[in-house]
Amino acid sequence: MPNQRVRGVCSLPNCERPHQAKGRCQMHYSQHRRSQEFTKSSVTSSSERFWSYVTQGDPTDCWIWSKSLNKKGYGRFQDGKTLKGVHRFAYQDKVGPIPLGSQIDHKCRRRSCVNPKHLQIATGKLNSENVATVGRKGASQYRGVDWHARSGKWRARVHNDGVVHYLGHFSSELDAANAALAKRLELHTNNLQDRELRELK
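The structure presented is a predicted model; accordingly, all values stated were derived computationally and were not measured.

1. Description of the overall build of the chain
Counting its regular elements, the chain contains six helices and eleven strands. Against the globule reference of 17 Å for 201 residues, the chain gives a C-alpha radius of gyration of 27 Å, more extended than a compact globule. Here the analysis covers contacts within the chain between residues at least 6 apart in sequence; of these, 37% occur between residues at least 24 apart. Approximately 13,100 Å² of the chain is accessible, and the part contributed by carbon and sulfur atoms is 49%. In the chain, which carries 35 positive and 17 negative side-chain charges, the distance between the mean positions of the two groups comes to 9 Å.

Here it is as structure tokens:
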């Protein structure tokens, strides 16, 4: 019978390649899957899909990515064939292009946040400056301070542009923290929490 498909062969006309799935050979099955994905993506744009996964609230609050996060706390989003960081996608979608080699810094320091008002273009140096002043893990709760066992005192230091600035040893942890804070205010421009605090008490 002319319409009968030979078992194990592609069902499409003039194709005698081995059957893969859905009655098609590997090539025609791949084309079929791509056409289905294209149809789905044409119904719902990447932007609509992306924002459906975001918990939005007040424009000044953090907008949280509701899907999974990696070990570092960042989300990822499949934009066509490209896997993007959700903070980068949010910035590009609502603000505009990201210059080549630039990073997106969370002004709020919350990695799962995709509120465009909380995101800014930054160099690697500027991004590394925007770190919490208080609340770090380790011997000291303050940024730029650690316990120096040999001297039996608190040590203060600041990293800037690949250079470590040693600021001395202090009997008081708070004195060491304020020395580090003062130096960051001198050297850094994107240390947002430092600039709110100005001094630790």
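2. Notes on the side chain of D194
With respect to the secondary-structure elements, D194 resides in helix α6 (residues 192-197). Here the side chain of D194 touches R184 through a polar contact of 2.7 Å, side chain to side chain. If we ignore the near neighbours within four places in the chain, the residues touching D194 are T133, R143, L181, R184 and L185.

3. Comments concerning the confidence of the model for the chain
In the predicted model, the chain carries a mean pLDDT of 88, and the fraction of residues at 70 or more is 91%. Note on residues 1-6: pLDDT is under 50 here. Beyond four places in sequence and across chains, it has three contacts. The model gives residues 38-43 a pLDDT under 50, and that stretch makes one contact with residues more than four places away or in other chains.

4. Looking at the nonpolar core
Grouped together as the largest cluster of nonpolar side chains are 14 residues, with contacts concentrated most on F50, W51, V54 and V114. Counting only elements with at least two residues in this core, the list comes to α2 (46-52) and α3 (86-94). Top contributing element to this core by residue count: α3, with four residues. Look past the residues within four positions of F50 in its chain and what remains in contact with it is W65, F77, V86, F89, A90 and V114.

5. Concerning the environment of H118
By the element assignment, H118 lies in the loop between β7 (103-106) and β8 (119-122). H118 sits in the buried class, given a relative accessible area of 12%. Placed eleven residues apart in sequence, H118 and K107 show a C-alpha to C-alpha distance of 5.2 Å. H118 has contacts with T60, D61, C62, D105, H106, K107, C108 and C113, leaving out every residue within four places of it along the chain. A distance of 2.9 Å separates the side chain of H118 from the backbone oxygen of T60, its partner in a polar contact.

6. Regarding the sheet that holds strand β9 (residues 145-148)
Taken in spatial order, the three strands make up an open sheet running β9-β10-β11, and their pairing is antiparallel. The open sheet has two free edges, formed respectively by β9 and β11 (163-170), since each of these has just one partner strand. Pairwise comparison of adjacent strand axes, ignoring direction, gives a mean angle of 30° for this sheet. Alignment of strand β10 (residues 153-160) against β11, held across seven bridges, turns out to be antiparallel. Looking across to β11, one finds that A156 is bridged to G168. Strands β9, β10 and β11 of the sheet are contacted by helix α5 (residues 173-187), whose axis makes an angle of about 15° with β10.

Conventions used here
Residues numbered from 1 in each chain as written. Predicted model: local features only at pLDDT ≥ 70, side-chain atom pairs only at ≥ 80, totals over all residues. Heavy atoms only, no water. Helix = DSSP H or I, 4+ residues; strand = E, 2+ residues; numbered from the N terminus. Rg over C-alpha atoms; globule rule 2.2 N^0.38 Å. Contact = heavy atoms within 4.5 Å. Areas by Shrake-Rupley, 256 points an atom, 1.4 Å probe, with all protein chains shown as cover. Lys, Arg positive; Asp, Glu negative; His and termini not counted. Charge placed at Lys NZ, Arg CZ, Asp CG, Glu CD. Polar contact = N/O pair within 3.5 Å; in protein donor to acceptor, adjacent residues only side chain to side chain. pLDDT = per-residue confidence, 0-100. Core = buried A, V, L, I, M, F, W, Y, C linked by side-chain atoms within 4.5 Å. Buried < 20%, exposed > 50% of the residue type's maximum accessible area, 1.4 Å probe, protein only. Pairing = 2+ DSSP bridges. Axes fitted to C-alpha atoms, helices over the stretch in contact; angles between N-to-C directions.

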